[in-house]
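# Residue-level structure breakdown
Take a look at the letters that make up each chain.
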Amino acid sequence: VQLQASGGGLAETGGSLRLSCASSGRAFGSYHLGWFRQAPGKEREFVGAISRGGGFTYYADSVKGRFTISRDNAKNTVYLQMNSLKPEDTAVYYCAAHTAAWGTRPINAYEYDYWGQGTLVTVSS
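One structure accompanies this document, and this report is about it. (Residues numbered from 1 in each chain as written. Predicted model: local features only at pLDDT ≥ 70, side-chain atom pairs only at ≥ 80, totals over all residues. Heavy atoms only, no water.)

## Focus: the sheet that holds strand S7 (residues 67-72)
Spelled out, the test is: Pairing between strands is defined by DSSP: at least two bridges between them are needed. The helix count covers DSSP runs of H or I at least four residues long, the strand count covers runs of E at least two residues long, and both are numbered beginning at the N terminus. For helices, the fitted axis covers only the stretch in contact; all axes are lines through C-alpha atoms, and the angles between them, taken along N-to-C directions, range from 0 to 180 degrees.
Taken together, 4 strands build an open sheet; the order of strands is S1-S3-S8-S7 and the sheet is antiparallel. Strands with a single pairing partner mark the edges of an open sheet, and in this sheet they are strand S1 (3-6) and S7. When strand polarity is set aside, the average angle formed by the axes of neighbouring strands in this sheet is 15°. As paired elements, S1 and strand S3 (residues 17-23) share 4 bridges and run antiparallel to each other.

## Quick look at the packing of aromatic side chains
This is how it is decided: Aromatic rings from Phe, Tyr and Trp, taking only the six-membered ring of Trp, are treated as a pair when their centres fall within 6.5 Å; an angle between ring planes under 30 degrees marks them as stacked, one over 60 as edge-to-face, and anything in between as tilted. Only Lys NZ and Arg CZ are tested; either one counts as a charge over a ring when it is within 6 Å of the ring centre and within 35 degrees of the ring normal.
Counted according to the given criterion, the structure contains 7 aromatic pairs. A connected cluster of aromatic rings, assembled from ring pairs, spans Phe36, Phe46, Tyr58, Tyr94, Tyr112 and Trp115. One residue, arginine 44, lies across the ring of tyrosine 94, its end atom 3.9 Å from the ring centre. Residue placement shows arginine 44 over the ring face of tryptophan 115; its charged tip is 4.8 Å from the ring centre.

## Overview of the nonpolar core
One recurring pattern in soluble globular proteins: nonpolar side chains tend to sit buried together. Cut-off, in case you're wondering: Take the buried Ala, Val, Leu, Ile, Met, Phe, Trp, Tyr and Cys residues and link them wherever side-chain atoms come within 4.5 Å; each set so joined is a nonpolar core. Burial classes follow relative accessibility: with a 1.4 Å probe on protein chains only, a residue under 20% of its type's maximum area counts as buried, one over 50% as exposed, and anything between as partly exposed. Any pair of residues with heavy atoms lying within 4.5 Å of one another is described as a contacting pair.
Core analysis: the largest hydrophobic core is formed by 34 residues, its most contacted members being Trp35, Phe67, Val78, Leu80, Met82 and Tyr93. Tallying contributions element by element places strand S9 (residues 91-98) first for this core, with 5 residues. Setting aside its immediate chain neighbours within four residues, tyrosine 93 contacts Ala5, Leu19, Trp35, Phe36, Arg37, Val47, Phe67, Leu80, Met82, Gly118, Thr119 and Val121.

If you want it as C-alpha cells, here you go:
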C-alpha cells in the first residue's frame, strides 16, 4: 500500500486547509485510516482516525471540533479538513493505514502498518 499526502502549505491563524491522502492500493476500502502530525522537536502525535467504511471517526482533544476526517473509497482518498487553524497546528502531517480491527480506536502510531511521506502545514500567527 502506498499513501501520498498532499495539500499542506501556509495558512494564517483562523484559516483553513484541506489535506488529501491518496492510495494506490486496491484494498483501500478495507483499511482504517489515521492522521498523525509531528512538530519540530516533538514526538509524532495522533490527530484523528476514520473507520474503513467512514461510519466512525475519532479525534484528539486538541483538534476536536476544528478538524474533520472523511474518505472517498471510490477515489481511494482520505481527507483532513482543518479549520480555525492555530500556530500550534504547525507540523508535518502524515496519513497512515491500519489493517487490523478498529478495536478500541487506533490512536497509537505503532498500530498503523503503512505510512505516507508527510506534508508540511505551517500556521502563521
